[in-house]
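A structural walkthrough
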Amino acid sequence: MDPERLSRTHCQLIIFFCYWLPVSLQRVETPAVEYAHSIRLDGDIILGGLFPVHTRGERGIPCGELKKEKGIHRLEAMLFAIDLINKDPELLPNVTLGARILDTCSRDTYALEQSLTFVQALIERDGSDVRCANGDLPIFTKPDKIVGVIGAAASSVSIMVANILRLFKIPQISYASTAPELSDNSRYDFFSRVVPPDSYQAQAMLDIVTAMGWNYVSTLASEGNYGESGVEAFVQISREMGGVCIAQSLKIPREPRLGEFDKIIRRLLETPNARAVIMFANEDDIRRVLDAAKRSNQTGHFLWVGSDSWGSKISPVFQQETVVKGAITILPKRATVEAFDRYFRSRSLSNKQKKRLVCGILGGKLWLQTGDAWTQTSGNLKKCTGLEKVGRDSSYEQEGKVQFVMDAVYAMAHALHRMHKDYCFGYPGLCPRMSNINGKELLGYIRSVNFNGSAGTPVIFNQNGDAPGRYDIFQYQITNKSTAEYKVIGQWTNKLHLNVEAMRWQKGENTFPVSVCSVPCRMGERKKIVKGVPCCWHCERCEGYHFQASEFSCELCPYEQRPDRNRTGCVPIPIIKLEWHSAWAAVPMFIAVLGILATSFVVVTFVRYNDTPIVRASGREMSYVLLTGIFLCYAITFLMISTPSLAVCSFRRVFLGLGMCFSYAALLTKTNRIHRIFEQGKKSVAAPRFISPASQLVITFSLISVQLLGVFMWFAVDPPHTVVDYGEQRTSDPVKARGVLKCDISDLSLICSLGYSILLMVTCTVYAIKTRGVPETFNEAKPIGFTMYTTCIIWLAFIPIFFGTAQSAERMYIQTSTLTISLSLSASVSLGMLYMPKVYIIIFHPEQNVPKRKRSFKAIVTAATMSGKLVTKGGDRPNGEVKTELCESMETNTSSTKTTYVSYSNHAI
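Below is a short write-up of the structure.

**Remarks on helix α7 (residues 225-241)**
- For α7, spanning 17 residues, the distance from its first C-alpha to its last is 24 Å, which sits close to the expected 24 Å at 1.5 Å a residue.
- Of all the positions in α7, only Y226, G227, S229, G230, V231, A233, F234, V235, I237 and S238 are classed as buried.
- Residues of α7 that are buried sit in contact with α5 (155-165), α6 (198-212), β9 (216-222), β10 (245-252) and β11 (276-280).
- G242 sits one or two residues past α7 and shows a positive phi near 75°.

Structure representation (structure tokens):
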């Protein structure tokens, strides 16, 4: 032992003996005075006991009023347990337990002074040079050898006493101290307890708070080890587990000033969202806090969660029912010991054989309760008559810790019994080896006990001397009969079991009341935590194509997906295509169908009247090529609207520019032929080369082959396939986003595909301009010119529309419709200007479809040269017939022109 600590202890003992013992000796003639501050029972083995028989005194007085429940009930429980053990032939046979029970007066410093009594026998006293205040030598009586101590109640008292008892290796078993600090086996190695520590209680209270969905709470503690340690344990566990934040941690001073509790309520209201208040406070502080809340008109605002100091006691909530309604409290699991009830109700002061307390303990005042207060008459307490009886003259309800007091005594007895069996096997009574019990050895036996306690639950200790955590959960409820009572709503044994249906709240609250800093974010919103307060946050919605990936983050959906309706995940973006029933498709299809029908009608008409002069004069071979191109221009509309696939995409590549290529290659060949004939006629009367139908076909298909060659090269470099374009209709609103199923043809590829045909068209237009000066009677030049002019206008309008809508959400529809309509209009212009007049004459004016007089090519060229308005065009056909497409109006007798078709032969000159 540390010499300095031992010296201090000796000094304290000397002071104690000089102050305490003379007072006792002065009053030794009255037996009652011998036990004025303690109770002593003789026995072979003496156990110490510490009980708060009185409250804490005020104004320098150590002890105050008598505590009828926490004091008397618990004290009697120890005496009752010792009686039962001494009568039990199986437990400590032939060994009698005695007791030395002291009053702590609910004050740690006073209890420390009292507990020095337990170590008197272990200190060698030398009073030769010690004098008391009056100069006399102190008188020493032989002290009792205390082998173990039962108590104390308050954690602050147990901590004080444990520091002394461990110095002298005296084991201590508490029946009510729950401070987590006492679990430190390195500092309180001789301390054990039959109640679970507040670390378990704090865990149980945290589980309750979590089950309620409360994440923002305040704590309130009475100053001292119990309150501060309990709150500290709750805060520590809540930090480790997360999910619960402490809004405020307030402390109730030991000596609160006037208005202190009103100030506490105002402080709690500074964080109104933290409605739940975790209380580790003594019952007097609890009552005054509730009274302050009632004065502040905060009925129904606070959600109280009380520790075992509140438990199921009536005194803290007396006349505070409306404020307390819905409060949840916790209490170590316990049961009423019926045998103690029978024992205590039969107690009377006249029963000398069982008498434990005499009127001298209370200064001659009655200690029995009658009604709700100690019996008073005219302001004075009644005197003891010696005939009072608990079951008859007072109301009674067993105090909650009676079970644990008895379990603590029995734990000590079972440890002594096992020690006796090991040290004194077969020896009746105490053997010499147990005459001086080693406290460290006894501690080992205490820590290894395992028996069923007075309530039928196992009594065991862990390595730190703590009992397992077993709690009942109560809620203070007002029943339909307007009576308030505590209802058991659950249990906690390492895990919370809560009966939610049995819970009742303030009027109007059918569901769990809330105590949160911030309401939970809705689906699709992330939490933006307030710095330093993890339970407070702002909710931010995941915008655009982001979804809620976790509670605190939003992430971007994959490119081909968009957030779902709740923005908690991603779903595939719907894929669309140009539907047949769409208006964007209906108009182009309508035009294409009309065009195909018109083209088919022209082809059928030309085939039907294939050998008539007007058909032959039109150049049958080139007409059929041109009509094929017109038909393809109409037909491509259906390929552009069809659902993209490998076959559709392949056909699109082939036929997209092929129809125009057929048309403009044929027209270019014809305009070039006219131009060459006209130019040749200015120089000589000889016919130009390559103006025969066969030559014209060769030239035309040579031009077409360039288009096909380019297409096949395109196939080789980039095989056709379909693609879903998610960027085309990727709007700012994901709900409207669509993926477009399309052929993998870029705008550049499309222009390249149509570019050659446009080149043919432009070249043809140039030739049309050059041949604009031919005689009006030259029937093919003018319609071709008008056709090309109109076509150029159509395609000039197409280009800005097509590329100007590249960023539009309706791009697919607009561009497809624009392209197909442009192709159809180009075909319609060619069909309408070049062939409809001929069909009209064939059908409605067959009289004009007759051969006219023949003239030689030389005569035609001469006339054209002289007039300056003719353009000759002829050719030697393989069959020896020369045909020209001349329209003459050379009649000298009339000023009007008349269209005739003249056929010339090689020898008709």
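**Here's the deal with empty space enclosed by the protein**
- Scanning the model with the defined rule gives seven cavities of 30 Å³ or more in all.
- Looking at the largest cavity, its volume works out to about 370 Å³.
- The wall of the largest cavity is formed by 22 residues, among which M640, R652, K742, M812 and T816 lie closest to the centre.
- At five residues, the largest contribution of residues to the lining of the largest cavity is made by helix α23 (residues 811-834).
- Here the lining of the largest cavity is built from residues that sort into 13 nonpolar, three polar and six charged.

**Considerations on the side chain of D108**
- Relative to the elements of secondary structure, D108 occurs in helix α4 (residues 108-115).
- Beyond its immediate sequence surroundings of up to four residues, D108 is in contact with S156, V157, M160 and R254.

**Description of the state of the cysteines**
- Following the criterion strictly, the structure yields eight disulfides and no others.
- Between the sulfur of C424 and that of C431 lies a disulfide, 1.7 Å long from S to S. Across the S-S bond of C424 and C431 the torsion is about -55°, and the bridge reads as left-handed. Here C424 and C431 have matching classes, each one buried.
- Covalently, C517 is tied to C536 through a disulfide, its sulfur atoms 1.7 Å apart. The sign of the 110° torsion about the S-S bond sets the C517-C536 disulfide as right-handed. Within this pair, whereas C517 is found in the loop between β22 (496-498) and β23 (525-530), its partner C536 is found in strand β24 (residues 533-541), the two being separated by 19 residues in sequence. Of the two residues examined, C517 and C536, each falls in the buried class.
- The cysteine C764 is free of any disulfide, with C792 supplying the nearest cysteine sulfur at 8.7 Å.

**Some remarks on the packing of aromatic side chains**
- Scanning all chains against the criterion turns up 20 aromatic pairs.
- Centre to centre, the rings of W584 and Y813 are 6.2 Å apart; their planes meet at 25°, and the pair counts as stacked. Placement of the pair is W584 in helix α15 (residues 583-608) and Y813 in helix α23, with a sequence separation of 229 residues.
- An aromatic cluster of at least three residues, connected via ring pairs, comprises F80, F340, Y343 and F344.
- Geometry around Y609 places R608 over its ring, the cationic atom sitting 5.1 Å from the centre.
- Here the basic side chain of R653 rests over the ring of F715, its NZ or CZ set 5.6 Å away from the ring centre.

**Quick word on the pattern of salt bridges**
- Tallied over the entire structure, the rule returns 21 salt bridges.
- Note that R40 is salt-bridged to D42, the shortest N-O span being 2.2 Å.
- The exposure class of D42 is exposed, given its relative accessible area of 55%.
- Between E485 and K487 there is a salt bridge, and its shortest N-O distance comes to 3.3 Å.
- Each of R40, D42 and D144 takes part in one network of salt bridges that share partners.

Each value, and the rule that gives it
- Residues numbered from 1 in each chain as written.
- Predicted model: local features only at pLDDT ≥ 70, side-chain atom pairs only at ≥ 80, totals over all residues.
- Heavy atoms only, no water.
- Helix = DSSP H or I, 4+ residues; strand = E, 2+ residues; numbered from the N terminus.
- Expected span 1.5 Å × (residues − 1).
- Buried < 20%, exposed > 50% of the residue type's maximum accessible area, 1.4 Å probe, protein only.
- Contact = heavy atoms within 4.5 Å.
- 1 Å grid on protein atoms, 1.4 Å probe; cavity = no way out; pocket = protein on both sides within 12 Å on 5 of 7 lines; lining within 4 Å.
- Points joined across faces, edges and corners; volume = space filled by probe spheres on them.
- Nonpolar A, V, L, I, M, F, W, Y, C, P; charged D, E, K, R; others polar.
- Disulfide = S-S within 2.5 Å.
- Phe/Tyr/Trp six-rings, centres within 6.5 Å; stacked < 30°, edge-to-face > 60°.
- Lys NZ or Arg CZ within 6 Å of the ring centre and 35° of its normal.
- Salt bridge = Lys/Arg side-chain N within 4 Å of Asp/Glu carboxyl O.

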